[in-house]
Amino acid sequence: MFLRIVCFLILYLSIGNIHAQEAALNTDIFLEKFAVYSKAHPDNLLFVHTDKTVYTNNETIWFSGYLIRTVAGNFSEHSVLSIALIKENEKKVFLLNQYLMQDGLCFGSLILPDSIPPGNYQLQATTNVLDKNGMPLTVFTQGLIIKSITEQAFSAELNSLETAVTNGMIRAKVTVNVKDPKEKVTVRYSVGNSASKSAILKANTFIMEIPSSQLDQASPVLLTSINYQKEIQYLSLNLPQVNTKKTDVRFFPEGGYLAEGLENTVGWETRDARHLPLSLSAVLYRDQLPVDTISTNSYGIGSFKIKPVFKSIYTVRVISREIKDTVFRLPAVLEDGLVLHVRNAAVKDSLSVEFSSKSVRNVQVLIHNYRQLFVHFQARVQASGKKITFVLSALPKGVAAITVLDSIGRPLAERLIYVHSDQRVTAVIKSDQPSYHKNEKVHLKFQFRDEQGHPVQGIVSVAVVQGNRLEISKQQNIENYVYLNHDLGVLPLDPLGKTANDKDYLENILLVKGWRRYTWPELIGVSPKDTLQKIIVSAMRGRVLFKSKPLKKPVTVSMFRDSSINIIDTQSDGTFLLTPEQVLTAEGRRVTFMVNKNDKYNYSIEYIDSASAGSQKAAEEIEWLPIGKAQYSQNSKDLVLPGYKNVISLKEVKIKARKADSEIYGLKKLGSNECGNYVCRYGFLNCPFHMGEVDNTQPVKGQRYKVYPISETLYTGCRVEEEPGSLLKIKGIYLSQEFYGAGEDPASFSAPQYFSTLLWKPGLIINEIGTGDLSFLTGSIAGQFKILVQGVSSKGMIYGTSSFVVN
């Protein structure tokens, strides 16, 4: 690395306009600081590809997880991927499953229950590597919408009656349409973390009064649940935020400051009270005199040039009758500042930068990506302006920064750039026909090439889904996320849908977005002791207790999963550790633990999984964005998926039967009593090696029996009224399930094939000539279907789309 930086130094200092100082560079010090900072702030990067973003109850979420980057390349430590569903603004895990991750890859599926409430959700993915506070180091979130296809007993509508606080409150009205108006309808409502209230609807309506004190939070949302005949509808709407400006206007002088007497480029960003982009026109004033007309585009970003005068006050007055706060002030002008100007920030492999300063000054220039330092040199800058060109072949693709320091290391300016914008894996997806009939075979061919036309090998996931199951505001692609969003956070939607491949969009974003997790003083102040934070690979462990107290002697625990049985020896205090491989099971199945003691009502088993606890911690930190939420009204009909008139599901009918809840292993075995207790042919009570054998007999109360391995106990009888604490059932670590789709032979179909996902193929290996192929059947749904391909390769991220029509 040092030799690479020296080579840069020799190249750039040979350019005449900027010359080196005599003092030696402290390159080694900066290299050490970047290395220490990277260890103290580990950068882990995870992406999850879901088959779609709009689901219904009883559907399956198919996903592929890609661990792109981790601390020191320790991919093997990330052995479990937790997938959680969090409902809008509740910040509580609604559903959680765990899956085996190997070599940074994880493929799985999550079945949505029939009872899941429709609405906005976040799918949250975390791994089992935690920091010292139990927070996952790797977190990824994906917005989803869950709609219903279940027959509804009633409909409800929620409307805001005001768009601004009136008489110290905001009012909202809920209206229901029910079959029997004599039946009671109740509503429970709350805003954010405030206490919920409930009321009974009269005449099928109710008006909620929300005090302004509950609106003093970021993007407040009214959450309601309406209950009728044991069916619940969940509706939400956005409320106006108090103590905030109607319009949020921010100015971003290129490099960070306005400098007197020098031409400055200024980026500016406009958002409404809900933090959504706002397109505006405005007039720029100097000391209350108009000097220019400026504007922002559809994603709320614009730029203008200014040659500021020291002590002058520059303001912007928005041209709008609808906005009350219309005057916004620019940052103060520095009397002797430095200007850094980049004409093109989204570049291929070379970058031109102009430096200028009112007075002659010595500066240090660094180019880095916050994990590594690539360029470091000293220069003398003056008012006439100096230009230098860098060759950036050594930098990886993505966001980097130019940082300018004074001679003693204090920051003067910084500018974000996007390197190797031309380096992209092109995915060509071709179907053998542009349109198909229902239940007809589709053949897909894939071809992957780099920017030079060379074949690319990799591993991808392929989804073919109904077009209306992809909502653009929630859809993420691996290319944009890895190269932009992971570093810059949530970005406004690109109207062209290209994002990382739209140069004009990138230029605007790079001008106004700063580095969110990084500050120069923090980097300079970091020390080796800051890297000593404990990184924990979360353990799955159990503990056996006797009368709720720790044991003094070890015991044995039988573990049952699928068709296998394992015997676990605890420590003397009753603790035992588990590996992910020990609890692997098919999705939906449980792993059962049983203490091998007859006095099972005095024994209990605890299970501690810090990865699951970490998922809840991460859920509490989720930032809910206004994109995709209902605005000022919502109807329950909006949460029913249209076009499913022929496949509306009847409500689930549960048939209950009497069951011995304390039945061992969850299944009553042949020769066992009502509790599942049995004696094997060798006289052992509940022998784990002879479970279910035909010659087992039922034990007799008051008789003594041998207990595996070498003890004896008095059998106290069978009690079915409660499940003993010595029996514990947990969810296992799930393996990937096979996606079957509509099948392969249309002649075998006995019913319509209503599949919104026609194909899900994770882990598709792209061969050495950069090609792949798949085939599948269309179903019984007509319309447009989208093909999405996402994955990784040796040349970077892979993303591609195509489509076809089913007639």
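Conventions adopted
- Each chain carries its own residue numbering, running from 1 in the written order of its sequence.
- Since the coordinates come from a predicted model, pLDDT governs what is reported: local features require at least 70, and pairs of side-chain atoms require 80 or more to be given and counted, while whole-chain, interface and lining totals use all residues.
- Side-chain figures throughout are based on the complete set of non-hydrogen atoms in the structure, without hydrogens or water.
- A run of H or I in DSSP becomes a helix once it reaches four residues, and a run of E becomes a strand once it reaches two; helices and strands are each numbered from the N terminus.
- Working definition: with a 1.4 Å probe on protein chains only, accessible area under 20% of the residue-type maximum means buried, over 50% means exposed, and in between means partly exposed.
- Only heavy atoms enter the contact rule, under which two residues are in contact if any of them lie within 4.5 Å.
- Note on areas: Shrake-Rupley with a 1.4 Å probe; residue coverage comes only from the protein chains shown.
- Two strands are counted as paired when DSSP detects at least two bridges linking them.
- Structural elements are reduced to axes, namely lines fitted to C-alpha atoms, with helices fitted over the stretch in contact, and the angle between N-to-C directions of any two is expressed from 0 to 180 degrees.
- For this analysis, a polar contact is any N or O atom pair within 3.5 Å, provided that within protein one partner can donate a hydrogen and the other can accept it, and provided that sequence-adjacent residues contribute only side-chain to side-chain pairs.
- Ring geometry is summarised as follows: Phe, Tyr and Trp rings, the Trp one being its six-membered ring, pair when their centres sit within 6.5 Å, and such pairs are stacked at plane angles under 30 degrees, edge-to-face over 60 and tilted between the two.
- In our convention, an over-ring charge means Lys NZ or Arg CZ found within 6 Å of a ring centre and within 35 degrees of that ring's normal.
- Any carboxyl oxygen of Asp or Glu that lies within 4 Å of a side-chain nitrogen of Lys or Arg is treated as forming a salt bridge with it.
- How sure the predictor is of each residue is captured by pLDDT, a score from 0 to 100.

> Would you mind going over the overall build of the protein chain with me for this structure?
A count of helices and strands for the protein chain gives six helices and 54 strands. Counting the 807 residues in the protein chain, one finds 51% classified as buried. Taking as baseline every contact in the protein chain between residues at least 6 positions apart, the subset at least 24 positions apart corresponds to 69%. As presented, the protein chain carries roughly 37400 Å² of accessible surface, and 50% of it is formed by carbon and sulfur atoms.

> Teacher, can you tell me more about the sheet that holds strand S24 (residues 327-329) here?
One key point about sheets: their strands pair by backbone hydrogen bonds, in either a parallel or an antiparallel sense. Judged by pairing direction, the sheet is antiparallel, and its four strands sit side by side in the order S21-S20-S23-S24 without closing on themselves. Only two strands of the sheet have a single partner each, and these edge strands are strand S21 (289-295) and S24. In this sheet, neighbouring strand axes are inclined to one another by 30° on average, regardless of whether the strands run parallel or antiparallel. Strand direction decides the pairing type here: strand S23 (residues 314-318) and S24, joined by three bridges, are antiparallel. The residue of S24 that forms the bridge with Thr315 is Arg329.

> Can you walk me through unusual backbone geometry in this structure?
With glycine set apart, most residues show a phi of negative sign, and most peptide bonds adopt trans. With a phi close to 55°, Ala203 is a non-glycine residue in the positive phi region. Among the secondary structure elements, Ala203 is positioned in the loop between strand S13 (197-200) and strand S14 (205-211). A relative accessible area of 75% places Ala203 in the exposed class. Of note in this structure, Gln288 is not a glycine but carries a positive phi near 70°. Mapping Gln288 onto the fold places it in the loop between strand S20 (281-286) and S21.

> Where do I start with helix H3 (residues 478-488) in this structure?
Since the α-helix packs 3.6 residues into each turn, any two residues three or four apart lie on the same face. Burial analysis of H3 places ten of its eleven residues in the buried class, which makes it a mostly covered element. Those residues of H3 that fall on the buried side of the exposure criterion are Ile478, Glu479, Asn480, Tyr481, Val482, Tyr483, Leu484, His486, Asp487 and Leu488. Once H3 ends, the next one or two residues include Gly489, with phi positive near 85°.

> Can you walk me through the side chain of His78 in this structure?
Summarising the element assignment, His78 is placed in the loop between strand S3 (60-69) and strand S4 (80-87). Judged by its relative accessible area of 2%, His78 falls in the buried class. For His78, the side chain forms a polar contact with the side chain of Thr70, separated by 2.8 Å. Once residues lying within four places of it in the same chain are set aside, the contact partners of His78 are Asn44, Leu67, Thr70, Met101, Thr127, Asn128, Val129 and Thr138.

> Even after reading the chapter, I still don't get the sheet that holds S14, so can you show me in this structure?
The antiparallel open sheet is built from four strands, whose spatial order is S14-S11-S10-S46. The open sheet has two free edges, formed respectively by S14 and strand S46 (633-635), since each of these has just one partner strand. Strand-to-strand twist of the sheet, defined as the mean angle between neighbouring strand axes without regard to direction, takes the value 15°. Relative to S14, strand S11 (residues 169-178) is paired through seven bridges, and the arrangement is antiparallel. Following the sheet pairing, Lys173 is matched in S14 by Ile207.

> How should I be thinking about the packing of aromatic side chains in this particular structure?
In this description, an aromatic ring pair is defined by two values, namely the gap between the centres and the angle between the planes. Using the criterion set out here, one finds 19 aromatic pairs in the structure. With centroids separated by 6.4 Å and ring planes inclined at 15°, the aromatic side chains of Phe446 and Phe448 adopt a geometry described as stacked. Considered together, Phe446 and Phe448 belong to a single accessibility category, that of buried residues. Taken together, the ring pairs connect Tyr436, Phe776, Phe785 and Phe804 into an aromatic cluster. One cation-aromatic arrangement involves Arg317 over Tyr285; the distance from NZ or CZ to the ring centre is 5.7 Å.

> What should I look at first to understand the environment of Gly772 in this one?
Checked against the element boundaries, Gly772 lands in strand S52 (residues 771-777). On the accessibility criterion, Gly772 (14% relative accessible area) is buried. Considering only alpha carbons, one finds Gly772 and Lys445, 327 residues apart in sequence, at a separation of 5.9 Å. Other than its neighbours up to four places away in sequence, Gly772 contacts Leu444, Lys445 and Phe446.

> Would you explain helix H4 (residues 503-512) in this entry?
Within H4, eight of the ten residues are buried, which leaves it mostly tucked inside the rest of the structure. Looking at the buried side of H4, the elements it contacts are strand S17 (247-253), strand S19 (264-272), strand S22 (301-306), strand S32 (411-419) and H3. Its side-chain oxygen at 3.3 Å from the backbone nitrogen of Asp504, Asp502 defines the N-terminal cap of H4.

> Can you walk me through the pairing of S32 in this structure?
Consecutive residues of a regular strand have side chains that alternate between opposite faces of the sheet. Most of S32 is tucked away, with seven of its nine residues classed as buried. Note that strand S31 (residues 398-406) and S32 share eight bridges and pair antiparallel. Looking at S32, one finds that Ala400 is bridged to Ile417.

> Help me understand the environment of Leu405 in this model?
Inspection of the secondary structure assignment puts Leu405 in strand S31. Along the primary structure Leu405 and Gln378 are separated by 27 residues, whereas in three dimensions their C-alpha atoms are 9.3 Å apart.

> It is not clear to me how the pattern of salt bridges should be interpreted in this structure. Could you clarify?
Pairing between side chains of opposite charge can happen when their charged atoms approach one another. Overall, the coordinates contain 18 salt bridges when judged by the stated rule. Lys52 is the salt-bridge partner of Glu59, the closest N and O atoms lying 3.7 Å from each other. When its relative accessible area of 15% is taken as the criterion, Glu59 is described as buried. In this structure, Asp248 and Arg250 form a salt bridge, with 3.3 Å as the shortest nitrogen-oxygen distance.

> How should the side chain of Asn44 be read in this particular structure?
Looking at where Asn44 falls in the secondary structure, it is placed in the loop between helix H2 (27-40) and strand S1 (45-50). Sequence-distant contacts of Asn44, that is, excluding residues within four places in its chain, are made with Arg69, Thr70, Val71, His78, Leu137, Thr138 and His486.

> What am I meant to see in the confidence of the model for the protein chain here?
Residues shown with low pLDDT carry predicted positions that ought not to be read at fine detail. Mean pLDDT over the protein chain works out to 83, with 83% of the residues at or above the 70 mark. Overall, residues 1-24 carries pLDDT values under 50, and its contacts beyond four positions in sequence, including any with other chains, amount to 56 contacts.

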